[in-house]
Amino acid sequence: MSRERAKRLKPLVQIAQNAVNEALSYIGALQQKLRSEEEKSQTLLGYQQDYRVNFQNQASIKVSGLQIQQFESFMHQIDDAIAQQNNHIFQVKEQLKKAQGIYQTLNQKLKSYEKLETRLNDQAIASENQQMQKFLDEIGAQLHRLHSS
């Protein structure tokens, strides 16, 4: 009886395993996206630094008021792009936290299903062993009666 119950749990365990695998896959994709977004942020910061250094080198020679305005305008654009990129990074990190929480919940369910399945299998084996022992005891008793007669 317990073995039948354990067999009925198999599809549930498989569904739970598939959900855990999907969650892990999604987490991996989010981690890759986060690395990509962080690389973009570093690229923007590097570009900002290079542009600032180039402008300072030009400023040592001679710079017009218009060039200063263009520099400041461009620096604001880069700052805005960096802020947007940091916002993207924050959003991906939030998605990653949620995905990890979902994974933990799914994994706990899977472990509990697996534990239940194992317990039911163990109960079935113990019951079968007990039945086998009774059967062997009965045969032994019958053999003993036959030899005693």
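(A) Quick look at a positive patch on the surface. A surface patch of positive charge is lined by R5, R8, K115 and R119. Within the residue set of the positive patch, elements represented by two or more residues are α1 (2-59) and α2 (65-148). The residue R5 is located in helix α1 in this model. Residue classification places R5 among the partly exposed residues on the basis of a relative accessible area of 39%.

(B) Region of interest: the packing of aromatic side chains. Scanning the model with the defined rule gives four aromatic pairs in all. Relative to F74, the ring of Y51 lies with its centre 4.6 Å away and its plane at 55°, an arrangement referred to as tilted. Of this pair, Y51 sits in helix α1 while F74 sits in helix α2; the two residues are 23 residues apart in sequence, bridging distant segments of the chain. Through successive ring pairs, a cluster of aromatic residues spans Y47, Y51, F55, F71 and F74.

Rules and cut-offs
Residues numbered from 1 in each chain as written. Predicted model: local features only at pLDDT ≥ 70, side-chain atom pairs only at ≥ 80, totals over all residues. Heavy atoms only, no water. Patch = residues over 30% accessible without salt bridge, like charges linked within 9 Å, V, L, I, M, F, W, Y side chains within 5 Å. Areas by Shrake-Rupley, 256 points an atom, 1.4 Å probe, with all protein chains shown as cover. Salt bridge = Lys/Arg side-chain N within 4 Å of Asp/Glu carboxyl O. Lys, Arg positive; Asp, Glu negative; His and termini not counted. Charge placed at Lys NZ, Arg CZ, Asp CG, Glu CD. Helix = DSSP H or I, 4+ residues; strand = E, 2+ residues; numbered from the N terminus. Buried < 20%, exposed > 50% of the residue type's maximum accessible area, 1.4 Å probe, protein only. Phe/Tyr/Trp six-rings, centres within 6.5 Å; stacked < 30°, edge-to-face > 60°.

By themselves, these figures tell us nothing about what the structure is for.
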